[in-house]
Structure formats: C-alpha cells, structure tokens
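# Structure at a glance
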Amino acid sequence: MKKWIIIIVCIIVALIVIGVLHEAGYLNFKWQTLTTIFAFLASPFTYLKNKLFNKNSPDNVNQLIKEAKESIAENQGIEDNYQKNISAKEAEISKLEEKVNNLNKKLNKVEQEKEYTPTYVRELSAEEMAIEFEKLYGNQKDD
C-alpha cells in the first residue's frame, strides 16, 4: 500500500512539473504527437490550477468590465481632444489658403500691371514722363 502511495505522489509531482513547464512554454514542441502527449499530461495540472485559482470569478469579470469602460471613456476624451486639434488646424489651414488666394490675386494684378507698363510708358510724352519720374523719385534737381 505504501508503494502505491509513493507511485501516485510521484505521478502527481511529475504531472505538476510537466504542467508548470507546459504553462511556462518550455514544452511547445513542433511534433504534434509529443505535444499532444504533454498537453494530455499537463491537463490535470491545468484543471487543478483553474479550480484553485479561478480567474473567471464574477468579481474579476466585473473588474475587467469596469476597466474596459474606463479605458473607453479615456479614449473618447483623447479622441475628442484630437478632433478639437484637427478642427483648429483645419481652420488655420483655411485661413492660410485664403491668404494665399489673396496673395495670388495681388500677384496676378502686379503681373497684369507689368504687362501694361511698357505700353503705358511708350505712350507718355516727355513732360508726363518727367512728372511720373518726380512722383517716384522726387525732384533730383533741387537736392
């Protein structure tokens, strides 16, 4: 009888060791048969571990649900903040686009004046040129 108790204890210890090694990931062999055997031997350990250290209790599940809701609320706050930043940047971009459009209009106006200026200058008389020169550069004779 003592002999059987020692054998049963050895088997239980071996199963626990195999279960711990399998749980830690040391017994993940690529051979399907060997892995199946080790998984079969480790299953009593896994069963006992789940019975003794139950991680699916209602308190744990409620805690996980609460943490998930908190993270969703936190993510929503972060998303709202990003949306505000994005809308502010879009408003800034639209203002900059408006400024660029205004500058493009001014540039087009200057280019049109540039094209018109040579013909305007050719049509001026000498007296008109002298008056325009004085407007731009002042009276050089008096200085």
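Structure first, text after, so check above.
Basis of the calculations
- Residues numbered from 1 in each chain as written.
- Predicted model: local features only at pLDDT ≥ 70, side-chain atom pairs only at ≥ 80, totals over all residues.
- Heavy atoms only, no water.
- Helix = DSSP H or I, 4+ residues; strand = E, 2+ residues; numbered from the N terminus.
- Buried < 20%, exposed > 50% of the residue type's maximum accessible area, 1.4 Å probe, protein only.
- Areas by Shrake-Rupley, 256 points an atom, 1.4 Å probe, with all protein chains shown as cover.
- Lys, Arg positive; Asp, Glu negative; His and termini not counted.
- Charge placed at Lys NZ, Arg CZ, Asp CG, Glu CD.
- Patch = residues over 30% accessible without salt bridge, like charges linked within 9 Å, V, L, I, M, F, W, Y side chains within 5 Å.
- Salt bridge = Lys/Arg side-chain N within 4 Å of Asp/Glu carboxyl O.
- Expected span 1.5 Å × (residues − 1).
- Bend = angle between axes of the 7 residues up to and from the residue.

Moving on: the overall build of the protein chain. A tally of helices and strands in the protein chain yields four helices and zero strands. Sequence-ordered secondary structure for the protein chain, helices as α and strands as β, is α-α-α-α. Taking the principal axes of its C-alpha atoms as reference, the protein chain extends roughly 135 × 40 × 30 Å. Taking all 143 residues of the protein chain together, the buried fraction comes to 6%. As displayed, the protein chain has an accessible area near 13200 Å², and 61% of this comes from carbon and sulfur atoms. Each charge sign in the protein chain was given a centre, from 19 positive and 21 negative side chains, and these centres are 21 Å apart.

The next subject is a nonpolar patch on the surface. A grouping of Met 1, Ile 5, Val 9, Val 13, Val 17, Leu 21 and Tyr 26 is seen on the molecular surface, where their side chains present a nonpolar patch of about 730 Å² in accessible area. Tracing the sequence through the fold places Ile 5 in helix 1 (residues 2-24).

Turning our attention to the environment of Glu 92. Tracing the chain through its elements places Glu 92 in helix 3 (residues 58-123). Each C-alpha atom, one on Glu 92 and one on Ala 42, is 63 Å from the other, the two residues being 50 residues apart in sequence.

The subject of this paragraph is the environment of Ala 126. Here Ala 126 is to be found in helix 4 (residues 126-137). On a C-alpha basis, the gap between Ala 126 and Asn 62 in space is 96 Å, while along the polypeptide they are 64 residues apart.

Since one α-helical turn is 3.6 residues long, residues separated by three or four positions face the same way. For helix 3, with 66 residues, the first-to-last C-alpha span of 96 Å sits near the 98 Å given by 1.5 Å per residue. At Tyr 116, helix 3 shows its maximal bend, which comes to roughly 35°, and the proline Pro 118 appears one to four places after that position.

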